[in-house]
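# Architecture and fold: a report
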Amino acid sequence: MREPAFWYRPASWKSHLLRPLAALYGAVAAQRLERKGLSAGIPVLCVGNYHGGGAGKTPTVLALAKLLGELGETPVVLSRGYRGKLRGPVRVDGARHGAADVGDEPLMLSQSVPVVVSRDRADGVALAKSLAATVILMDDGFQNPAVAKDASLIVVDSMRGIGNAKVMPAGPLRAPLPAQVARTDALVVIGAGNAADGVAAMVANQGKPVLSAHFEPDESSLAALRGKRVLAFAGIGDPARFFATLREAGVDVAGTRTFPDHHPLTPDETANLVAEAEGSGFTLVTTEKDLARLRTPEGLPDWARGIVPFKVTLQFDDAAALQKFVGAQLFKAREKQFR
């Protein structure tokens, strides 16, 4: 589903009308945040966000997995496998699983790091540890109390921020902001906008680090699109950010098509995309996550093989600060376990 537009407007009668429901939802969510979860016995780092929709969690997970590897750790990602039919716990295997089985994000992540999908995250801990994990990297689950977190890194987009800062369904927040900020160990602000300045100040005032980062396009993707006009399509939380990233990288975006987050394309939708691209001489381009949804264990369908996946990596403006933070959290987690 698409998130309501009024969530990202400063004032709306719809938001005001939904305040009673938001108050009830927020009270329940705040209580859940206070519950104690299962101790995994190894450090657990959680990458989450305050609100529904996209913010850049998946690239952040990949960046952290890479850093942990450089620190000599063996990270295993734990995900609930949103939109996947398998309850798990199961290790994601691209040779056996498609996005319909395990979800698009776990399938994409599994190309770079071991991933365990488990609808009940506590059930997934044992499988992750059996894969020789020294650190569990939770993809989402900040508001879920099933597993105790040693550190939570919250991701926010600098252009969208947290919208109207109201709790669902009056706004995009998954729980009241003060309760979420209190449990934040670091904030990752992606991009150069200022919409996240307010929440960044709240986190900084608690003495917690605010880390800035930006997307860096992969050179192979840029080379594949150089000199071409493209038709870009995306079914992610914030398609506009993807289209903006393309244009900022110098890609000639002739047209865009948006779909709901995690949307599996229908045969009619794929036929329309292909016909429009071929009729206008455009190259189809999409995100790695969208392409993962098109892939089956047998590979991409014939019609999709000409699509260029626009790969990006998340680069932290102060990589040393991130490494210092992660190292300190791992040390604290292990010190606590040996007490």
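Everything that follows concerns the structure shown earlier in this document.
Residues numbered from 1 in each chain as written. Predicted model: local features only at pLDDT ≥ 70, side-chain atom pairs only at ≥ 80, totals over all residues. Heavy atoms only, no water.

## Thoughts on the overall build of the protein chain
Helix and strand counts for the protein chain stand at 13 helices and 13 strands. Rg of the C-alpha trace for the protein chain: 20 Å, near the compact-globule value of 20 Å for 339 residues, within the 12% margin. Once the C-alpha set of the protein chain is aligned to its principal axes, its extents read approximately 65 × 50 × 40 Å. Within the protein chain, the fraction of its 339 residues that count as buried is 50%. Taking all contacts inside the protein chain whose residues are at least 6 apart in sequence as the whole, residues at least 24 apart take part in 75%. Entry remark: accessible area of the protein chain is about 15500 Å², with carbon and sulfur atoms responsible for 54%. Taking the average place of the 40 positive charges on the side chains of the protein chain and the average place of its 34 negative ones, the gap between the two points comes to 6 Å. (Helix = DSSP H or I, 4+ residues; strand = E, 2+ residues; numbered from the N terminus. Rg over C-alpha atoms; globule rule 2.2 N^0.38 Å. Buried < 20%, exposed > 50% of the residue type's maximum accessible area, 1.4 Å probe, protein only. Contact = heavy atoms within 4.5 Å. Areas by Shrake-Rupley, 256 points an atom, 1.4 Å probe, with all protein chains shown as cover. Lys, Arg positive; Asp, Glu negative; His and termini not counted. Charge placed at Lys NZ, Arg CZ, Asp CG, Glu CD.)

## Focus on the side chain of glutamine 329
In this fold, glutamine 329 is placed in helix α13 (residues 319–337). Ignoring anything within four residues of it in the chain, the contact list for glutamine 329 reads Leu45, Asp150 and Ala151.

## A word on the packing of helix α3 (residues 57–70) against α13
Orientation of α3 relative to α13, taken along the N-to-C sense of each, is 70°, at an axis distance of 11 Å. Considering their axes alone, α3 and α13 lie roughly perpendicular with respect to each other. For the pair α3 and α13, the contacting residues are Leu64, Leu67 and Leu68 in the first and Leu322, Gln323, Val326 and Leu330 in the second. Split into classes, the residues belonging to the contact of α3 with α13 amount to six nonpolar, one polar and no charged. (Axes fitted to C-alpha atoms, helices over the stretch in contact; angles between N-to-C directions. Parallel < 35°, antiparallel > 145°, perpendicular 65-115°, else oblique. Nonpolar A, V, L, I, M, F, W, Y, C, P; charged D, E, K, R; others polar.)

## Side note on the sheet that holds strand β10 (residues 252–258)
In spatial order, the strands read β10-β9-β11-β12; together these four strands make up an open sheet with parallel pairing. The open sheet has two edge strands, β10 and β12 (308–310), and neither has a second partner. In this sheet, neighbouring strand axes are inclined to one another by 30° on average, regardless of whether the strands run parallel or antiparallel. Across the sheet, helix α10 (residues 239–248) lies against β9 (229–234), β10, β11 (283–287) and β12, angled at about 155° from β9, the strand it touches most. Those strands touched by helix α11 (residues 267–280) are β9, β10 and β11, and its axis lies near 165° from that of β9. (Pairing = 2+ DSSP bridges.)

## Let's talk about unusual backbone geometry
That bond from glycine 88 to proline 89 is cis: its omega, 5°, falls within 30 degrees of zero. Within the secondary structure layout, proline 89 lies in the loop between β2 (75–79) and β3 (90–91). Of the consecutive residues methionine 168 and proline 169, the connecting peptide bond is found in the cis state with omega at 0°. Its place among the elements puts proline 169 in the loop between β6 (151–157) and α7 (177–182). Positive phi, close to 65°, is recorded for alanine 165, a residue that is not glycine. Counting through the fold element by element, alanine 165 comes out in the loop between β6 and α7. When its relative accessible area of 40% is taken as the criterion, alanine 165 is described as partly exposed. Positive phi, normally seen in glycine, also occurs at histidine 262, with a value near 65°. The topology assignment puts histidine 262 in the loop between β10 and α11.

## What to know about the pairing of strand β8 (residues 210–217)
For strand β7 (residues 186–190) and β8, the ladder comprises four bridges, and the chain directions are parallel. Looking across to β8, one finds that valine 189 is bridged to serine 212. Looking at chain direction, β8 and strand β13 (residues 312–316) are connected through five bridges and run antiparallel. Paired with glutamate 216 across the bridge in β13 is threonine 313.

## A short note on the packing of aromatic side chains
Tallied over the full model, the rule gives three aromatic pairs. Ring centres of phenylalanine 242 and phenylalanine 243 lie 5.7 Å apart, and the angle between their planes is 50°; on these two criteria the pair is classed as tilted. Across the pair, exposure class does not vary: phenylalanine 242 and phenylalanine 243 are buried alike. An aromatic cluster is defined as three or more aromatic residues linked by ring pairs; in this entry it consists of Phe242, Phe243 and Phe310. (Phe/Tyr/Trp six-rings, centres within 6.5 Å; stacked < 30°, edge-to-face > 60°.)

## Observations regarding the sheet that holds β6
What the nine strands build is an open sheet, ordered β3-β4-β2-β5-β1-β6-β7-β8-β13; its pairing is mixed. The open sheet terminates on both sides in strands that have one partner only, identified here as β3 and β13.

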